[in-house]
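Working through the structure, step by step
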Amino acid sequence: MPENKFKIGITQGDTNGIGWEIILKALADPRMTELFTPVVYGSPKAAAYYRNTVAEIEAFSFNPVASAAEARRGKANLVACGETADIAPGKPTPEAGRAAVEALCAAMRDLKAGHLDALVTAPFDKETVQADDFRYTGHTEYLAAELEGEAMMILCSDVLRVGLVTKHIPVSEIARNITKERIVRDLNTLRRALIEDFGIVEPRIAVMALNPHAGDGGLLGREEQEIIRPAIVEAFSKGVLAFGPFAADGLFAGGGYAKYDGILAMYHDQGLAPFKSLSPDGVNFTAGLSAVRTSPDHGTAFDIAGKDKADPQSMRNAIYAAIDIAEHRRAWAEWTRNPLQRAERDRGGRDVSVKDLPQTEKEV
């Protein structure tokens, strides 16, 4: 396989958070540029500032480029964007939020143009990014608006993959946003992602209940009986190996999650709380879209920004996951581009004979 076969975009995130620190720590290892071609989108000023706050990394510099199309193999490339007048580690500011959005939009332009194979995003602050031209509650919602497909937030690690039916909405709105049609759609999206993006032949999916004790037969809520279970039955009848609904505490505390290739949770914290407990260095993957995007599964961590305390492992894992998923997608597209014709049995149960198959061209 050729070296640096994947070109991965990395956005700076909030310039006052830990984004630059984890990017620098991840890319400082020279083996990273042997694995892929990094294209970072962000402020050279912020990069230099945080480089001076990080100890014990080897000599490191960026190769400046105008876009990912100019990125050089074997180098960590930098597209200058998202500048800020002031860098104030640990302080959420509208200026830092705007810088994060500018970097994200620049990366999106290159992603849409086909100059990137995948995108990895450092965390931003959901409040300070809000503006007249950016009204999204997170990266996932922005990506869903910009790219083709049905976006699904999947938290993944070596031991667990959790998809979410509802994402960044208030708890008071969760129940009315859960419908049979939505669950069926998300089960299909999760199944497709597990097959095409993770290479699982036919995944088994556990579906979590909404209410405590899976509703206790309707005593604690009827969503399980009226919405979730009928959705599972319909999806199963269409070929999705979906099971449940399971009470969340029992599924995770008893280790039952290990029997499944993926889990569909009804809401954000129901899926993320156990996931982060079991996989502290996991990855957030936006599935179901025309392009691959991953990110660390943590936030801006303003409390430790600029103090050289941030652990880059989740960022590394996000990069590795982006490469693996992009490779799986490429392989899946190749495998399914021209599939072999299936030989079907006739009514008598006899296998189709070679002589009954369509004639091929004669050899020259």
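Residues numbered from 1 in each chain as written. Predicted model: local features only at pLDDT ≥ 70, side-chain atom pairs only at ≥ 80, totals over all residues. Heavy atoms only, no water.

Further remarks concern the state of the cysteines. For the structure shown, the criterion picks out zero disulfides. This cysteine, Cys 81, is not joined by any disulfide, and Cys 105 carries the nearest cysteine sulfur, 9.5 Å off. We classify Cys 81 as buried; its relative accessible area is 14%. (Disulfide = S-S within 2.5 Å. Buried < 20%, exposed > 50% of the residue type's maximum accessible area, 1.4 Å probe, protein only.)

This part is about the environment of Thr 53. Within the fold, Thr 53 resides in the loop between helix H3 (44-51) and strand E3 (63-65). Given the relative accessible area of 23%, Thr 53 is considered partly exposed. Between the C-alpha atoms of Thr 53 and Ala 305, which are 252 residues apart in sequence, the distance is 9.9 Å. Setting aside chain neighbours within four positions, we find Thr 53 in contact with Gly 306 and Asp 308. (Helix = DSSP H or I, 4+ residues; strand = E, 2+ residues; numbered from the N terminus. Contact = heavy atoms within 4.5 Å.)

For the rest of this paragraph, the subject is the nonpolar core. Trp 20, Leu 27, Phe 62, Ile 183, Leu 187, Met 315 and Ile 319 are the most contacted members of the largest nonpolar core, which totals 63 residues. Examining the composition of this core, we find that eight residues originate from one element, helix H10 (residues 313-337), more than from any other. Grouped together as the second largest cluster of nonpolar side chains are 26 residues, Val 101, Ala 106, Leu 143 and Leu 147 included. (Core = buried A, V, L, I, M, F, W, Y, C linked by side-chain atoms within 4.5 Å.)

Once that is clear, we can look at unusual backbone geometry. Here the residue pair Gly 244 and Pro 245 is connected by a cis peptide bond, since its omega of 0° sits within 30 degrees of zero. The residue Pro 245 is located in strand E9 (residues 241-246) in this model. In the Ramachandran plot, His 213 falls in the positive-phi region, its phi being about 55° despite a non-glycine side chain. Along the polypeptide, His 213 turns up in the loop between strand E8 (204-208) and helix H7 (223-237). A positive phi angle, near 50°, is found at Asp 216, a position not held by glycine.

What follows deals with the environment of Glu 102. Considering the arrangement of structural elements, one finds Glu 102 in helix H4 (residues 94-112). Look at Glu 102 and you get partly exposed, because its relative accessible area is 36%. Sequence separation of Glu 102 and His 328 is 226 residues, and the distance between their C-alpha atoms is 30 Å. Setting aside its immediate chain neighbours within four residues, Glu 102 contacts Cys 81, Gly 82 and Glu 83.

In this section: the packing of H4 against helix H5 (residues 139-146). At a closest axis distance of 12 Å, the pairing of H4 and H5 adopts a crossing angle of 40°. Classified by chirality, the crossing of H5 by H4 is right-handed. Here Leu 104, Cys 105, Met 108 and Lys 112 of H4 lie close against H5, whose contacting residues are His 139, Tyr 142, Leu 143 and Glu 146. A breakdown of the residues in the contact of H4 with H5 according to their chemical character gives five nonpolar, one polar and two charged. (Axes fitted to C-alpha atoms, helices over the stretch in contact; angles between N-to-C directions. Left-handed = near helix turned anticlockwise from the far one by under 90°. Nonpolar A, V, L, I, M, F, W, Y, C, P; charged D, E, K, R; others polar.)

Relative to the helices and strands, Ser 67 is located in the loop between E3 and strand E4 (77-80). Since its relative accessible area comes to 17%, Ser 67 is described here as buried. Setting aside its immediate chain neighbours within four residues, Ser 67 contacts Val 79 and Asp 110.

Taken as a whole, this structure holds 12 aromatic pairs when the rule is applied. Seen in terms of ring centroids, Phe 134 and Tyr 136 are 5.0 Å apart; in terms of plane orientation they differ by 75°. Their pairing is edge-to-face. On the basis of relative accessibility, which here comes to 2%, the residue Phe 134 falls in the buried class. Taking relative accessible area as the criterion, Tyr 136 reaches 23% and is therefore assigned partly exposed. Between the NZ or CZ atom of Arg 161 and the centre of the ring of Phe 198, over which it lies, the distance is 5.3 Å. (Phe/Tyr/Trp six-rings, centres within 6.5 Å; stacked < 30°, edge-to-face > 60°. Lys NZ or Arg CZ within 6 Å of the ring centre and 35° of its normal.)

Here the chain shows a mean pLDDT of 91. Residues at 70 or above account for 92%. In this model, residues 357-364 is a region of pLDDT below 50 whose contacts with residues beyond four sequence positions or in other chains number two contacts. (pLDDT = per-residue confidence, 0-100.)

The next subject is H4. Between its terminal C-alpha atoms H4 stretches 27 Å, which fits the 27 Å expected from 19 residues at 1.5 Å a residue. For H4, the full list of buried residues reads Ala 96, Gly 97, Ala 99, Ala 100, Val 101, Ala 103, Leu 104, Ala 106, Ala 107, Met 108, Asp 110 and Leu 111. Taken together, the buried residues of H4 touch strand E1 (7-11), strand E2 (37-42), strand E5 (118-121) and H5. One or two steps after H4, the chain reaches Gly 114, where phi turns positive at roughly 85°. (Expected span 1.5 Å × (residues − 1).)

Applying the stated criterion to the full structure yields 16 salt bridges. Lys 5 is paired through a salt bridge with Glu 327; the nearest N and O atoms lie 2.5 Å apart. Of the two residues, Lys 5 is situated in the segment before E1 and Glu 327 in helix H10; the sequence distance between them amounts to 322 residues. With relative accessibility at 23%, the residue Lys 5 sits in the partly exposed group. On the basis of relative accessible area, Glu 327 is assigned to the partly exposed category, the value being 27%. In this structure, Lys 180 and Glu 234 form a salt bridge, with 3.1 Å as the shortest nitrogen-oxygen distance. Separated by 54 residues along the polypeptide, Lys 180 in helix H6 (residues 180-196) and Glu 234 in helix H7 bring together distant segments of the chain. (Salt bridge = Lys/Arg side-chain N within 4 Å of Asp/Glu carboxyl O.)

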